[in-house]
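# Inside the fold
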Amino acid sequence: LNKDTHRLYKQKLEEVTKLQNSCSGAIARQRKKLKELTLSLEDSETVNSIAEIEDSMKDRAHAFFEMEAFLPKKNGLYLSLVLGNVNVTLLNKQAKFAYKDEYEKFKLFLTVILFMFSFTCCFLLSYRVLDALFNFLLVWYYCTLTIRESILISNGSRIKGWWVFHHYVSTFLSGVMLTWPEGTLYQMFRNQFLSYNLYQSFVQFLQYYYQSGCLYRLRALGERHNMDLTVEGFQSWMWRGLTFLLPFLFFGHFWQLYNSMTLFKMFQLPECKEWQVVMCGCSYMVLFMGNLFTTLRVVYQKYMNNQDKSKRM
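Residues numbered from 1 in each chain as written. Predicted model: local features only at pLDDT ≥ 70, side-chain atom pairs only at ≥ 80, totals over all residues. Heavy atoms only, no water.

In the nomenclature of an unreviewed UniProt entry, the protein is known as Hepatic and glial cell adhesion molecule of Oryzias sinensis. The annotation that UniProt attaches to the protein under Sequence similarities (unreviewed entry) is "Belongs to the TMEM120 family." (UniProt positions renumbered as here; feature names shortened; annotations may be inferred.)

Written out as structure tokens, the structure is:
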């Protein structure tokens, strides 16, 4: 009986694989036809029914996105480098949601650990070994986030580009801080760096606590996707009750600018020999510009939408 059950199981797996390949091929052909139709509409001078066709195309593209979330797909460059050509697509909604939930809990747990660690290094113990452990933990944390986020994207999570990319920048920054040798310049920047991380962990905890509640309500109303995640920034759906987070976010963004300017001034000192100073300064500047412009774009888009609504009324 066990052999028969196992044989049936393998047979069904093969059938599932064939169906997956068939669906993937059909979606690829449909996408190609949609692309050709889009180009023909751009070249066309007729106006009648074009808006309806474009709306239909958008609906079809959204349907393809939902279908592909349950089909195997080729890994992106980053996942291919880290995991190889392994299929990371989860086959049912329960597994996808469980993985997303585990990701959120992982972020919350590590945020609390990083807050306690940075507080200890900043106010209680001043040892270079502890600082190195703290930076190693940051490198591991951000590396793990980038891998998990790439897997979640493959399973249908709609994470905006910058909120993924800034974790790569944070990984690089933490790695550079880890290699910064003990010395006068390191001690000059140490307390400012630890204080910034303390504040950042506090803000990330606030964001998780309030964003998760807001996402739960919006998902219950059918206004957000089940695979949407909390982020370390501000997105359009957060206007409903989370605007109070904006001052905390802007303060953190300008603290990144302050860190960058401090490091660039340190780089001009005659005793500055460490390359880590300018690399950290550039990393903080990239984080500041990316975070600030992304947040301002969301605020501007909301303002323009409100203006359009008021004109229609």
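There's more to say after this.
Turning our attention to the UniProt feature "transmembrane region" (unreviewed entry) in the protein. Taking the numbering used here, the UniProt-annotated feature "transmembrane region" (unreviewed entry) corresponds to residues 106–127, 163–181, 237–255 and 275–300. Taken end to end, residues 163–181 comprises 89% helix and 0% strand; its first and last C-alpha atoms sit 30 Å apart. (Helix = DSSP H or I, 4+ residues; strand = E, 2+ residues; numbered from the N terminus.)

Looking at the secondary structure, you find S150 in helix α5 (residues 128–154). What S150 contacts, discounting residues up to four positions off in sequence, is Y78, L79 and Y168. (Contact = heavy atoms within 4.5 Å.)

Look at α5 against helix α6 (residues 161–179): their axes get within 9 Å of each other, and the N-to-C directions meet at 155 degrees. Overall, the two elements α5 and α6 adopt an arrangement that is roughly antiparallel. For α5 against α6, the interelement crossing comes out left-handed. A breakdown of the residues in the contact of α5 with α6 according to their chemical character gives 13 nonpolar, eight polar and two charged. (Axes fitted to C-alpha atoms, helices over the stretch in contact; angles between N-to-C directions. Parallel < 35°, antiparallel > 145°, perpendicular 65-115°, else oblique. Left-handed = near helix turned anticlockwise from the far one by under 90°. Nonpolar A, V, L, I, M, F, W, Y, C, P; charged D, E, K, R; others polar.)

The next thing to look at is the nonpolar core. With 44 residues, the main nonpolar core has F134, M177, W180, F189, F193, L263 and Y284 as its most contacted residues. Not counting chain neighbours up to four residues away, the residues in contact with W180 comprise R128, L185, Y186, F189, L263, M266, E274, Q276 and V277. (Core = buried A, V, L, I, M, F, W, Y, C linked by side-chain atoms within 4.5 Å. Buried < 20%, exposed > 50% of the residue type's maximum accessible area, 1.4 Å probe, protein only.)

Here we take up the pattern of salt bridges. Counted under the stated rule, the structure contains four salt bridges. Across the salt bridge formed by D101 and K105, the nearest N and O atoms sit 3.3 Å from each other. Within this pair, D101 and its partner K105 are both found in helix α4 (residues 93–124), separated by four residues, close to a single helical turn. Since its relative accessible area comes to 30%, D101 is described here as partly exposed. Where E102 meets R148, a salt bridge forms, and the shortest distance between an N and an O atom there is 3.9 Å. Remark: R148 occurs in helix α5 and E102 occurs in helix α4; sequence separation between them is 46 residues. A relative accessible area of 16% means that R148 is categorised as buried. (Salt bridge = Lys/Arg side-chain N within 4 Å of Asp/Glu carboxyl O.)

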